[in-house]
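Architecture at a glance
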Amino acid sequence: MTIQIYNTLGRKKETFETLEPEKVQMYVCGPTVYDSCHIGHARSVVVFDVIARYLRSQGYDVTYVRNFTDVDDKIINKSNELGIDSKEVAEKYINEFYTDMDALKVERATIEPRATEHIDDIIEIVEKLINKGFAYQIDSDVYFAVELFSEYGKLSGRKLEEMEPGARVDVDKRKRNPFDFALWKSAKPGEPSWESPWGKGRPGWHIECSAMIYALLGETIDIHGGGRDLTFPHHENEIAQSEAAFGKLFVRYWVHNGFVNIDQEKMSKSLGNFLMIKDILKSYHPEAVRLFLLSNHYRSPIDFTDKAMGESSTGLDKIYKLLERIEKQVGQLSETEVEIKGTVWKDFSEAMNDDFNTARGTGVLFGAVRDINRLLDEKAGSLSAEVEETVKSGQADILKIGSILGVLSESPQIYFDNKKSFSLSKKSIDPAEVDKMVKERFEAREAKDWEKADLIRKQLEDMNIQLEDGPEGTVWKV
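Residues numbered from 1 in each chain as written. Predicted model: local features only at pLDDT ≥ 70, side-chain atom pairs only at ≥ 80, totals over all residues. Heavy atoms only, no water.

The N-to-C vectors of helix α4 (residues 119-131) and helix α5 (residues 205-216) enclose an angle of 105°; their axes lie 9 Å apart at closest approach. Taken together, the axes of α4 and α5 are roughly perpendicular relative to one another. In this structure, α4 contributes D121, I122, E124, I125 and V126 to the contact, and α5 contributes I207, E208, S210, A211, Y214 and A215. (Axes fitted to C-alpha atoms, helices over the stretch in contact; angles between N-to-C directions. Helix = DSSP H or I, 4+ residues; strand = E, 2+ residues; numbered from the N terminus. Parallel < 35°, antiparallel > 145°, perpendicular 65-115°, else oblique. Contact = heavy atoms within 4.5 Å.)

Time to look at the pairing of strand β6 (residues 141-144). Both faces of β6 are covered, namely the face carrying D141 and Y143 and the face carrying V142 and F144. Looking at chain direction, strand β5 (residues 135-138) and β6 are connected through four bridges and run antiparallel. When the bridges of β6 are listed, Q137 appears paired with V142. The hairpin formed by β5 and β6 contains two residues between the paired strands, and D139 there has a positive phi angle of roughly 55°. (Buried < 20%, exposed > 50% of the residue type's maximum accessible area, 1.4 Å probe, protein only. Pairing = 2+ DSSP bridges.)

Taken in spatial order, the four strands of this open sheet run β5-β6-β7-β8, and their pairing is antiparallel. Either end of the sheet is taken by a strand with one partner, and the two such strands are β5 and β8 (201-203). The average angle at which neighbouring strand axes cross in this sheet is 20°, direction not considered.

Moving on: the side chain of R53. Summarising the element assignment, R53 is placed in helix α1 (residues 39-57). A relative accessible area of 11% places R53 in the buried class. Apart from the residues lying within four places of it in its own chain, the contact partners of R53 are K105, E107, R290, S403, I404 and G406.

Our next topic: α5. Given a rise of 1.5 Å per residue, 12 residues ought to cover 16 Å, and the 18 Å separating the end C-alpha atoms of α5 matches this to within 8%. Within α5, burial applies to H206, I207, E208, C209, S210, A211, M212 and I213. The elements touched by buried residues of α5 are β3 (23-28), α4, β7 (181-186), β8, β9 (221-227) and α6 (231-246). (Expected span 1.5 Å × (residues − 1).)

What follows covers the packing of aromatic side chains. Going through the model one piece at a time under the given rule, you end up with 16 aromatic pairs. Their ring planes at 90° and their centres at 5.4 Å tell us that F292 and F304 sit as a pair that is edge-to-face. Taken together, the positions of F292 in helix α8 (residues 286-293) and F304 in strand β13 (residues 302-304) put the pair 12 residues apart, joining distant regions of the chain. Residue classification places F304 among the buried residues on the basis of a relative accessible area of 5%. Ring pairing ties together the aromatic residues F16, Y60 and Y253, which thus form one cluster. Residue placement shows K266 over the ring face of F259; its charged tip is 5.6 Å from the ring centre. Just above the ring of Y6 sits the side chain of R299; from NZ or CZ to the centre is 4.1 Å. (Phe/Tyr/Trp six-rings, centres within 6.5 Å; stacked < 30°, edge-to-face > 60°. Lys NZ or Arg CZ within 6 Å of the ring centre and 35° of its normal.)

Below you can see the structure in the form of structure tokens.
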């Protein structure tokens, strides 16, 4: 089956064909490290984490580069605000990024460069652009002349003559055109700077990504990704400077994820509704957050609400409960059985091959959970070899799907134990007290004091404690 990818450049789905057979070169814009990561960052990182995982599952050798912008106006402003060096600011928030993404079970990219590691590559491309006539120097600043790149605007669909300066573009009366953008910025007192042919200074934001791509992946790559807000001016400017410098197609497939809204409001600092990942993880399991972020198609916006997160948490519980049930009734999968790919995996792959449609893919996952539960209900007490084989095939496929979505990485026992501890600590409930009440209920039942036993069960239910009576005794869950 071929993979179809929606290409922002062509504004349509296209058949995925790589530059080199069975190899993928993918670059995704990482964070500018001046603050803690919010849920919007999480969506982009999780989306491309899943895309990389899926491509690898299809046999591609994926080189995935995700950068850190560690020199930028925002970082400099933060360093002045905190009274510390800009390197310390960058290091602090890079460490925070890893803490957040490790918690969200995001796999590390193949290469994770920092812009400051590629100053020589940046200078090389700027020199090339000046020599080709696409860039000009004013004092110790260097600008790219957008009017000289005839295809400027092809990614965003904007026409240069219809644009208005000031929106995410530096206004500088010295520039030939208001939309010309900085390739090199002259040094200012107290700012980080490097020697260059134009004097001491630092790179502009856009040239950093072009230089890292050129140095690490080459002049043309397969996939370039990032949030939809980066389409203009950042990715538009990347195209202009890279294609002007090298005279080749820069990127074959441009992939952009949609925004995260908060209770139907756009996230913005003016509204004060930025939700930081570290705060969200105080309330929700990381895998529930991932399921939520993947519950809509990556190109569509997604609305973060307590209701949506509650549904994701409940859905995650259902999957783990099924896996727990299968282990009890059918047993663990053997190494050979784990590798078997059944109809559930086929349906999931069809969804993912259609522009990485995780919304449809998670639907396949929950459909499998429902079908296997129904089968186990119907055949309770007498599972034939054929039914066991069907259940094991579904179990293997569910776990394979989990490995792509970045969920189901814990055993059911560990998941429910962790959830129990987490929920109890949130509600300030002492597990020893619950154990004592469960024991008192057992003793009441033994003495046929049904009224007392029912009263204790009701008290536990009011504490959100669920009891499951079985032949081996009573177990409780939050």
